[in-house]
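A structural walkthrough
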Amino acid sequence: VQLQASGGGLVQAGGSLRLSCAASGSMLSLETMNWYRQAPGKQRELVAVITRGGSTNYADSVKGRFTVSRDNAKNTMFLQMNGLKPEDTAVYLCNAAVIRLDGGVSAYWGQGTLVTVSS
């Protein structure tokens, strides 16, 4: 199973970006998916969570500005980021829990996509 994150880029403060995380490979089910971010010199931070059923949770720092969603038919998760701030600058990584073909559960990480917000 591979996760491919995309959609990052350079945007001015107040702007918007939409990130995608596509899962590919053989699996029984793609379960809870997460967006993390890591800024230079800082610890990795959990930004948003979405279950297979669509329940969501957000870090306080992004509530009201970011929206996580997913398309289960396409094994893809999205992160709509509005009202971006310079402090949102980071590498954004996606993570997912997968039920393997043998019935076991594994966690997978994507490679990350860089979001840079200029002031």
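Before any of the text, the structure's been laid out above.
None of the values given here were measured: they were computed from a predicted structure. (Residues numbered from 1 in each chain as written. Predicted model: local features only at pLDDT ≥ 70, side-chain atom pairs only at ≥ 80, totals over all residues. Heavy atoms only, no water.)

1. As for the pairing of strand β9 (residues 90–99)
Formally: Burial classification: accessible surface area is computed with a 1.4 Å probe over protein chains only, and a residue below 20% of its type maximum counts as buried, one above 50% as exposed, and the rest as partly exposed. Secondary structure elements follow DSSP: runs of H or I of four or more residues count as helices, runs of E of two or more count as strands, with numbering from the N terminus. A pair of strands is treated as paired once DSSP finds two or more bridges between them.
Counting buried positions along β9 yields 7 of 10 residues, so the element is predominantly enclosed. Two strands pair when backbone bridges link them, and strand β4 (residues 29–38) and β9 are joined in this way by 8 bridges, in the antiparallel orientation. Within the sheet, the bridge partner assigned to Asn34 lies in β9 and is Asn95. Bridge count between β9 and strand β11 (residues 113–118): 3 bridges; the pairing is antiparallel.

2. Let's talk about the environment of Ala90
Worth spelling out the cut-off: By the convention used here, residues are in contact when the closest approach between their heavy atoms is within 4.5 Å.
Along the polypeptide, Ala90 turns up in strand β9. In this structure, the C-alpha to C-alpha distance between Ala90 and Val62, residues 28 residues apart in sequence, is 13 Å. Contacts of Ala90, omitting those with residues within four sequence positions, involve Arg37, Gln38, Ala39, Thr113, Leu114 and Val115.

3. What about the pattern of salt bridges?
In plain terms, the rule: Salt bridge, as applied in this entry: a Lys or Arg side-chain nitrogen positioned within 4 Å of an Asp or Glu carboxyl oxygen.
Per the stated rule, a full pass over the model turns up 5 salt bridges. Lys63 serves as the salt-bridge partner of Asp60, at 3.2 Å between the closest nitrogen and oxygen. Judged by its relative accessible area of 47%, Lys63 falls in the partly exposed class. Here Asp88 ties to Arg65 by a salt bridge, and the two come within 2.7 Å at their closest N and O atoms. One end of the pair, Asp88, is in the loop between β8 (76–81) and β9; the other, Arg65, is in the loop between β6 (56–58) and β7 (66–71), with 23 residues separating them in the sequence.

4. Examining the pairing of β4
A regular strand places its side chains so that they alternate between the two faces of the sheet. Burial of β4 is extensive: 7 of the 10 residues sit out of reach of the surface. Sheet analysis places β4 next to strand β5 (residues 45–50), joined by 5 bridges and oriented antiparallel. Counted as the bridge partner of Trp35 is Ala48 from β5.

5. Quick look at the state of the cysteines
Heads up, the rule is: By definition, disulfides here are pairs of cysteine sulfur atoms that lie within 2.5 Å.
By the definition in use, this model includes 1 disulfide. Across a sulfur-sulfur distance of 2.2 Å, Cys21 and Cys94 are joined as a disulfide pair. The S-S bond linking Cys21 to Cys94 shows a torsion near 70°; that makes this disulfide right-handed. One end of the pair, Cys21, is in strand β3 (residues 17–24); the other, Cys94, is in strand β9, and 73 residues separate them in sequence. Here Cys94 falls in the buried class, since its relative accessible area comes to 0%.

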